[in-house]
Amino acid sequence: MVLFGLVGIYLLMMFLGLGNEDAFEDNLLPELIGFCLEGFFLVGLFSLIQRRNERDRKSQLRQSLRGALREILSHLDIALLEENAEPAKSETLDKDQQFVRILFVKLHKGELSLDNMLNIKQAAARNLSTMHDLIPVAAQLSADHMRWWLAIAESVRHLSEATDKDSINFSAHKFLKHLGEFDQLPL
Amino acid sequence: MTEKDYSQKAFLDFLRHAAVAGLISPATARSRKLAAEQLMVQLKTSERRDLRQLDVDELCSRFHKLQGSTIRPENIQLYNERLSSGLKDFICWTDEPVNFKSVEGEKPESIVVAARDTPGQAQAREELTLNPPRSPHDIFPVPIREDLVVYLQNIPLDMTRAEAEKIAAVVKALALPEEER
């Protein structure tokens, strides 16, 4: 696109530089300028369409990855829910980046009950293999996405293997922190 | 004497009235109403007429079967608790409005019991919950010294002699050379 633009401008300058009265007769330059203009717009249009498709595909991939964490996030949400508050919607769990930050703050301030810890630990164990299976999907997004996904998978593994309160709290903090970083990565 | 009304409509009216009259907090009433709205779509006609016949656990499993994944299982559990306590209050209030006392604020039995634990008991409870002992049938204790027992785990029932020798070889490789002992 840039090439077409530059060549077009160069040809236009040449054409204007000629400055004779019969500039449009027996001259290939106007034809070439038209060709460059067509190229500029068509290539630009296709590039835009392609970029948008790529962005949509990547955002769908990221959403699939977030979807794999829905059960753990949902258990964390229930565990940290204030009295009489409504649990988060599935859409929030899958898409909302702010939600992870809120959970992190709540976890920092509050304390998980034993039953909730067990639920989170079991959810982590159930989802661990899926998370490993999704590493290639994360790699399709970018190397950074894959690195943070690996970090998330590692914290989920720690959660599933934790055998005391402190290690569950620590792993849950790590999990939310890594997920927050993963969400911040540009597509 | 008028017949007492235990219908679904009476329940929803009770939630509205209880919040206005200050019998329960408006936030509790709202959360119970939302739970009722979510779960009570699966009520049978007889249950709709008389909520005393309703088994909330059974309703939740029915809901899970029929509605599939419209609500996440962990949310259903939460709604179960809220609807159950709402129904308890409703039945108590309908039976004897004069002596009504809400269950709002009452903690589950498990939390009340856990709160009475000594530090040692709390530690044991934590260990049992988060790190339960494995089935004794798949762990073989091998006492090798007076104060030391080694455990073998995941031994298959159809283990061959060759496989047993393989394990023995690994264990032998871990031992210190004779001269060092």
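Fair warning: this is a prediction, and the values are worked out from it, not measured in the lab.

K.L.:
Is there a simple way to explain the overall build of chain A in this structure?
P.N.:
If you tally the helices and strands in chain A, you get nine helices and zero strands. Overall, chain A shows an N-to-C arrangement of helices and strands of α-α-α-α-α-α-α-α-α. Radius of gyration (C-alpha) of chain A: 27 Å, far over the 16 Å computed for a compact globule of 187 residues. Judged by the C-alpha coordinates and their principal axes, chain A covers about 90 × 35 × 20 Å. The buried share of chain A, taken over its 187 residues, is 40%.

K.L.:
For this particular structure, what's the right way to read the overall build of chain B?
P.N.:
Check the secondary structure of chain B and you find eight helices and two strands. From first element to last, N terminus to C terminus, chain B shows the α and β order α-α-α-α-α-α-α-β-β-α. Taken over the C-alpha trace, chain B has a radius of gyration of 28 Å; the compact-globule value for 181 residues is 16 Å, which it surpasses by more than 25%. Reported as C-alpha extents along the three principal axes, the dimensions of chain B are approximately 95 × 40 × 25 Å. Scored against the burial criterion, the 181 residues of chain B give a buried share of 28%.

K.L.:
Which parts of the structure should I look at to understand the interface of chain B and chain A?
P.N.:
The figure often quoted for interface size is the accessible area lost as the parts come together. Counting from both sides, the interface comprises 17 residues of chain B and, opposite them, 26 residues of chain A. Together, the buried faces of chain B and chain A total about 1600 Å²; carbon and sulfur atoms form 54% of this surface. It is Arg 72, Glu 74 and Leu 130 of chain B that lose the most area in chain B upon contact with chain A, and together they represent 40% of the buried surface on that side. Run the count over chain B and chain A and you get one salt bridge. Across the pair Arg 82 of chain B and Glu 86 of chain A runs a salt bridge whose closest N-O atoms are separated by 3.1 Å. Viewed at the interface, chain A and chain B are joined by 11 residue pairs in polar contact (both at pLDDT 80 or more). When residues of the side of chain B that touches chain A are traced back to their parent elements, those giving at least two are helix H2 (26-39), helix H5 (73-95) and helix H7 (119-130) of chain B. Of the residues in the side of chain B that touches chain A, the class split is five nonpolar, seven polar and five charged.

K.L.:
Sorry if this is basic, but what is going on with unusual backbone geometry here?
P.N.:
Peptide bonds are mostly trans, and most non-glycine residues show a negative phi. One non-glycine residue, Asn 84 of chain A, adopts positive backbone phi at about 70 degrees. Assignment of secondary structure puts Asn 84 of chain A in the loop between helix H3 (70-79) and helix H4 (90-95). Judged by relative accessible area, which is 21%, Asn 84 of chain A ranks as partly exposed. Its identity as a non-glycine residue notwithstanding, Asn 154 of chain B has a phi of 60 degrees, on the positive side. Note that Asn 154 of chain B resides in the loop between strand S2 (148-153) and helix H8 (161-174). For Asn 154 of chain B, a relative accessible area of 59% puts it in the exposed group.

K.L.:
Would you mind showing me how to read the packing of H2 of chain B against H5 of chain B here?
P.N.:
Each pair of packed helices can be described by the angle between their axes along with the distance between the axes. Residues and elements named next belong to chain B. Remark: H2 packs on H5, axes separated minimally by 8 Å, with the N-to-C direction vectors making an angle of 110 degrees. The orientation of H2 relative to H5 falls into the category roughly perpendicular. Here H2 runs over H5; the crossing is left-handed. Judged by residue contacts, Ser 31, Arg 32, Ala 35, Ala 36, Gln 38 and Leu 39 of H2 engage Ile 76, Tyr 79, Asn 80, Arg 82, Leu 83, Ser 85, Gly 86 and Asp 89 from H5. Tallied by class, residues from the contact of H2 with H5 come to six nonpolar, five polar and three charged.

K.L.:
What is the right way to look at the pairing of strand S1 (residues 139-145) of chain B in this model?
P.N.:
One face of the sheet, then the other: side chains in a regular strand alternate in exactly this way. All names here are of chain B. In this structure, S1 lies alongside S2, joined through six bridges in antiparallel fashion. Paired with Pro 141 across the strands is Tyr 151, a residue of S2. Adjacent in sequence and paired antiparallel, S1 and S2 are bridged by two residues.

K.L.:
Mind showing me how you'd approach the packing of H3 of chain A against helix H6 (residues 114-133) of chain A here?
P.N.:
Residues and elements named next belong to chain A. Contact geometry for H3 and H6: axes closest at 9 Å, N-to-C directions at 175 degrees. Taken together, H3 and H6 sit at an angle that is classed as roughly antiparallel. Judged by residue contacts, Glu 71, Ile 72, His 75, Leu 76 and Ala 79 of H3 engage Asn 116, Asn 119, Ile 120, Ala 123, Ala 124, Arg 126 and Asn 127 from H6. Here the contact of H3 with H6 is built from residues that sort into six nonpolar, four polar and two charged.

K.L.:
Please clarify how the pattern of salt bridges should be interpreted in this entry.
P.N.:
In a structure, side chains of opposite charge can pair up when their charged atoms sit close to one another. Residue and element names in this part refer to chain A. Tallied over the entire structure, the rule returns 19 salt bridges over all chains. With a shortest N-O distance of 3.2 Å, Arg 57 and Glu 54 are connected by a salt bridge. A residue pair is termed a helical-turn pair when its members lie 3 or 4 positions apart in one helix, as Arg 57 and Glu 54 do in helix H2 (residues 29-68) at three residues. According to the relative accessible area criterion, Arg 57 is partly exposed, its value standing at 35%. As a salt-bridge pair, Lys 165 and Glu 111 come within 3.8 Å of each other at their nearest N and O atoms.

K.L.:
Explain the packing of aromatic side chains here, please?
P.N.:
Where two aromatic rings form a pair, the distance of their centres and the angle of their planes describe that pair. Enumeration according to the criterion identifies eight aromatic pairs over all chains in this entry. The cationic tip of Arg 52 of chain B hangs over the ring face of Tyr 6 of chain B; the distance from NZ or CZ to the ring centre is 3.7 Å.

Cut-offs and rules
- Residues numbered from 1 in each chain as written.
- Chains lettered and ligands numbered in written order.
- Predicted model: local features only at pLDDT ≥ 70, side-chain atom pairs only at ≥ 80, totals over all residues.
- Heavy atoms only, no water.
- Helix = DSSP H or I, 4+ residues; strand = E, 2+ residues; numbered from the N terminus.
- Rg over C-alpha atoms; globule rule 2.2 N^0.38 Å.
- Buried < 20%, exposed > 50% of the residue type's maximum accessible area, 1.4 Å probe, protein only.
- Contact = heavy atoms within 4.5 Å.
- Buried area = accessible area lost by both parts, 1.4 Å probe.
- Salt bridge = Lys/Arg side-chain N within 4 Å of Asp/Glu carboxyl O.
- Polar contact = N/O pair within 3.5 Å; in protein donor to acceptor, adjacent residues only side chain to side chain.
- Nonpolar A, V, L, I, M, F, W, Y, C, P; charged D, E, K, R; others polar.
- Axes fitted to C-alpha atoms, helices over the stretch in contact; angles between N-to-C directions.
- Parallel < 35°, antiparallel > 145°, perpendicular 65-115°, else oblique.
- Left-handed = near helix turned anticlockwise from the far one by under 90°.
- Pairing = 2+ DSSP bridges.
- Phe/Tyr/Trp six-rings, centres within 6.5 Å; stacked < 30°, edge-to-face > 60°.
- Lys NZ or Arg CZ within 6 Å of the ring centre and 35° of its normal.

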